[in-house]
Amino acid sequence: MKKLKEALSLKFYLKKLLELKDRPDETAKGLALGVFVGFLPINGFQVLVAVTIAAVTRVSKIAAAIGTHVTNPWTTIPVLILDYYVGCLLLNKKACIPHVDFSSFSSILSSGKEIFIPMFIGGVFLGVIFSILSYFGVKKLLEREVNVVKNYVKNIKEKTAD
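Reading the values: rules and limits
- All residue numbers refer to position in the chain's written sequence, counted from 1.
- Restriction of local features to residues with pLDDT of at least 70 applies here, the model being predicted, together with a cutoff of 80 or more for giving and counting side-chain atom pairs; totals for whole chains, interfaces and linings are based on all residues.
- For side-chain calculations, the full set of non-hydrogen atoms in the structure is used, while hydrogens and water are omitted.
- One side-chain nitrogen of Lys or Arg within 4 Å of one carboxyl oxygen of Asp or Glu is enough to make a salt bridge.
- The helix and strand labels rest on DSSP assignments: H or I over at least four residues marks a helix, E over at least two residues marks a strand, and numbering proceeds from the N terminus.
- Only buried Ala, Val, Leu, Ile, Met, Phe, Trp, Tyr and Cys residues count toward a nonpolar core, and they belong to the same one when joined by side-chain atoms within 4.5 Å.
- Each residue's exposure class comes from its accessible area (1.4 Å probe, protein chains only) as a fraction of the maximum for that residue type: buried when under 20%, exposed when over 50%, partly exposed otherwise.
- Axis geometry follows a simple rule: fit a line to the C-alpha atoms, using only the stretch in contact for helices, then measure angles between N-to-C directions, giving values from 0 to 180 degrees.
- The sense of a crossing depends on the near helix, which, turned anticlockwise from the far helix by less than a right angle, makes the crossing left-handed and, turned clockwise, makes it right-handed.
- Contacts are residue-level and defined by heavy atoms, with any inter-residue pair within 4.5 Å sufficient.
- Three residue categories are used. Nonpolar comprises Ala, Val, Leu, Ile, Met, Phe, Trp, Tyr, Cys and Pro, charged comprises Asp, Glu, Lys and Arg, and polar comprises the others, including Gly.
- The patches described consist of residues with a relative accessible area above 30% and no salt bridge, like charges being joined within 9 Å and nonpolar side chains (Val, Leu, Ile, Met, Phe, Trp, Tyr) within 5 Å.
- Only the protein chains shown count as covering a residue, and every accessible area follows the Shrake-Rupley method with a 1.4 Å probe.
- Here a Phe, Tyr or Trp ring, Trp counted by its six-membered ring, pairs with any other such ring whose centre lies within 6.5 Å, and the pair is stacked when the planes are under 30 degrees apart, edge-to-face when over 60, and tilted otherwise.

Draft legend 1. Seen up close, the pattern of salt bridges. As enumerated under the stated definition, the model contains four salt bridges in all. Lys139 is the partner of Asp25 in a salt bridge, and the nearest nitrogen-oxygen pair spans 3.8 Å. With Asp25 in helix 3 (residues 24–38) and Lys139 in helix 8 (residues 113–161), this residue pair connects regions lying 114 residues apart in the sequence. Salt bridges sharing partners connect three or more residues here, namely Asp25, Lys29, Lys139 and Glu143.

Here's what the structure looks like:
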């Protein structure tokens, strides 16, 4: 249980991002892509879609896969509901959710366009916002880490040169 809890923690994913050998910009773009896809109501296909797009656009595939974990077993239902309500707000439509099983993409589709279209629009909107925020935040974090390592190496070289 402890390993599962660790594998789903934010600290675990940040550590994995810091371990990547990609350039900070490439990693940040991959993560932002994954976060964007993570907000779309395509549960079950998010990692596949994000990694495919990452491969085509030549950004970090691992970071893209990590970014999709913005939706996980604990956050999927709240994110989908938020997607729906934001989509209704953007479409100027009254939100009225009938009883729907949000656990799978097929059950959402069976609810028809009345739910899926606002959910998709809301997912795109929220995905854009959170992917932009994650891009700049992670890029800054990774660049800071790169500078720390460069300074450390520079100090070691200076000490050994003396």
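Once the structure has been displayed, the description carries forward.
Draft legend 2. Up close: the nonpolar core. With 13 residues, the main nonpolar core has Ala28, Leu31, Val35, Phe39, Leu126, Tyr135 and Val138 as its most contacted residues. Those elements that place two or more of their residues in this core are helix 3, helix 5 (61–67), helix 6 (76–90) and helix 8. Counting residues in each nonpolar core, the second largest holds eight residues, with Leu40, Ile42, Ala54 and Ala64 among its members.

Draft legend 3. Structural context of the packing of helix 3 against helix 4 (residues 46–57). Where helix 3 contacts helix 4, the axes come no closer than 9 Å and their chain directions differ by 145°. Where helix 3 crosses over helix 4, the two elements pack in a sense that is right-handed. Each of Leu33, Gly34, Val37 and Gly38 in helix 3 lies in contact with helix 4, whose residues at this interface are Gln46, Val49, Ala50, Ile53 and Ala54. Taken together, the residues that form the contact of helix 3 with helix 4 break down as six nonpolar, three polar and no charged.

Draft legend 4. A nonpolar patch on the surface, seen in detail. On the surface, a cluster of nonpolar side chains totalling about 670 Å² of accessible area is made up of Leu90, Leu91, Ile117, Ile121, Phe125, Ile129, Phe130 and Leu133. Looking at the nonpolar patch element by element, the count peaks at six residues for helix 8. For Ile121, the location among the structural elements is in helix 8. Here Ile121 falls in the partly exposed class, since its relative accessible area comes to 32%.

Draft legend 5. Focus on the packing of aromatic side chains. Enumeration according to the criterion identifies four aromatic pairs in this entry. Ring centres 5.6 Å apart and planes at 75° place the aromatic pair Tyr84 and Tyr85 in the edge-to-face group. Residue classification places Tyr85 among the partly exposed residues on the basis of a relative accessible area of 42%. Where Tyr135 meets Phe136, the ring centres are 4.9 Å apart and the plane angle is 75°; that geometry is what we call edge-to-face.

Purely spatial values, then, with no claim about function.
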